[in-house]
Amino acid sequence: MSSSVTRILFVCLGNICRSPTAEAVMRQLVEMEGLSKRFELDSAGTAAYHIGKQPDRRTQAAARERDIEMSTLKARQAIAEDFHQFDYILAMDKENLANLKAIQPEGAKARLQLLLSDYGTMGYQEVPDPYYGGPEGFELVLDLLEDACAGLLQALKTGK
Ligand code: 4NP
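Attention here is on the structure that accompanies the text. Just so you know, these numbers come straight off a predicted model, no measurement behind them.

Notes on the nonpolar core
The biggest cluster of nonpolar side chains holds 38 residues, and the ones touching the most others in it are Ile8, Phe10, Met26, Leu115 and Leu152. Of all the secondary structure elements, the ones that give two or more residues to this core are strand E1 (6-12), helix H1 (18-32), strand E2 (39-45), helix H2 (57-64), strand E3 (88-91), helix H5 (115-119) and helix H6 (135-157). Top contributing element to this core by residue count: H6, with 11 residues. Residues Phe83, Ile89, Leu100 and Ala110 belong to the second largest nonpolar core, which totals 13 residues.

Some words on the pairing of E3
Side chains Tyr88 and Leu90 project from E3 onto one buried face, and the interleaved Ile89 and Ala91 project onto a second face that is buried too. Of the pairings in the sheet, the one linking E1 to E3 comprises four bridges and is parallel in character. Along E3, the bridge assignment pairs Ile8 with Tyr88. One ladder, built from four bridges, connects E3 with strand E4 (residues 111-114); its direction is parallel. The residue bridging Ala91 from the neighbouring strand is Leu114, located in E4. Regarding the hand of the β-α-β motif, the stretch spanning E3, helix H4 (residues 94-103) and E4 is right-handed.

Remarks on the site of the ligand
With respect to spatial proximity, the complete set of residues near the ligand consists of Cys12, Leu13, Gly14, Asn15, Ile16, Cys17, Arg18, Tyr49, His50, Asp129, Tyr131 and Tyr132. Between the ligand and Cys17, the relevant distance is 2.9 Å, taken from an oxygen atom to a main-chain nitrogen or oxygen of the residue. Here an oxygen atom of the ligand sits 2.7 Å away from a polar atom, N or O, in the side chain of Arg18. Surface burial for the ligand is 93%, taken as the share of its 350 Å² of free accessible area covered by protein chains. Split into classes, the residues belonging to the shell around the ligand amount to seven nonpolar, three polar and two charged.

Re the side chain of Ser43
By secondary structure assignment, the location of Ser43 is in strand E2. Using a relative accessible area of 4% as the deciding quantity, one classes Ser43 as buried. Here the side chain of Ser43 touches Asn15 through a polar contact of 2.9 Å, side chain to side chain. Of the polar contacts made by the side chain of Ser43, one reaches the side chain of Glu23; its length is 2.8 Å.

Quick look at the sheet that holds E3
Here four strands make up an open sheet; going across it, the order is E2-E1-E3-E4 and the pairing parallel. Unpaired on one side and paired on the other, E2 and E4 mark the two borders of the sheet. Each strand axis lies, on average, 20° off the axis of its neighbour in the sheet, ignoring direction. Each of E1 and E2 touches H1; the most contacted strand, E2, lies at about 170° to it. Lying on the sheet, H6 is in contact with E1, E2 and E3; it crosses E1 at an angle near 155°.

Points about the packing of aromatic side chains
Any two aromatic rings considered together are summarised by their centre-to-centre distance and by the angle between their planes. In the structure shown here, the tally under the stated rule is one aromatic pair. When the ring of Tyr131 is compared with that of Tyr132, the centres are 4.8 Å apart and the planes differ by 85°; the resulting orientation is edge-to-face. The ring of Tyr131 has Arg58 lying over it, and the distance from NZ or CZ to the ring centre is 5.3 Å.

Description of the packing of H2 against H6
Contact geometry of H2 with H6 gives a least axis separation of 10 Å together with a crossing angle of 55°. Taken together, the axes of H2 and H6 are oblique relative to one another. As H2 runs across H6, the sense of the crossing is right-handed. Residue-level inspection shows Arg58, Thr59, Ala62 and Ala63 of H2 in contact with H6, the latter providing Phe138, Glu139 and Leu142. Of the residues contributing to the contact of H2 with H6, the split by class is four nonpolar, one polar and two charged.

Each value, and the rule that gives it
- Residues numbered from 1 in each chain as written.
- Predicted model: local features only at pLDDT ≥ 70, side-chain atom pairs only at ≥ 80, totals over all residues.
- Heavy atoms only, no water.
- Core = buried A, V, L, I, M, F, W, Y, C linked by side-chain atoms within 4.5 Å.
- Buried < 20%, exposed > 50% of the residue type's maximum accessible area, 1.4 Å probe, protein only.
- Helix = DSSP H or I, 4+ residues; strand = E, 2+ residues; numbered from the N terminus.
- Pairing = 2+ DSSP bridges.
- Right-handed = clockwise from strand over helix to strand, strands pointing away.
- Near = heavy atom within 4 Å.
- Polar contact = N/O pair within 3.5 Å; in protein donor to acceptor, adjacent residues only side chain to side chain.
- Areas by Shrake-Rupley, 256 points an atom, 1.4 Å probe, with all protein chains shown as cover.
- Nonpolar A, V, L, I, M, F, W, Y, C, P; charged D, E, K, R; others polar.
- Axes fitted to C-alpha atoms, helices over the stretch in contact; angles between N-to-C directions.
- Contact = heavy atoms within 4.5 Å.
- Phe/Tyr/Trp six-rings, centres within 6.5 Å; stacked < 30°, edge-to-face > 60°.
- Lys NZ or Arg CZ within 6 Å of the ring centre and 35° of its normal.
- Parallel < 35°, antiparallel > 145°, perpendicular 65-115°, else oblique.
- Left-handed = near helix turned anticlockwise from the far one by under 90°.

The values are spatial; any link to function lies outside them.
Structure (structure tokens):
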């Protein structure tokens, strides 16, 4: 990993469940490794429904059980300018990826990737949307994101 700052944006649909969880999980990991100054982390949604809102209360409750605090996060929508600001834009599912490709400006620096297929090890390509399901969906989101964010950090540290 170079000594400069790596900027990572995690993206889902609403920016109230999956992508803020990814941001918070990754922040916890880099803090544990003493690498906070080397990363700028953010999250956004492809949809506008929840702009300005805190993460879903079920998302916050599940995260808090793992000592991950998310109450300071606020939803925003992904914009074309994000492709100039971030080094990595990591989508939670294929629909988010397609929506991001639709706003991707030509010549922008960000690497646009599907988080799980590039960095996860649990056999999932996508983070399933937990919004309309039961509590087990929020646990699965956390399990998948803890695994993939560890893989992402390892890949960045080893320069892949
Ligand atoms: P997220 O979950 O994309 O993980 O934040 C959702 C949140 C809200 C909705 C769908 C998914 N919604 O339809 O309002």
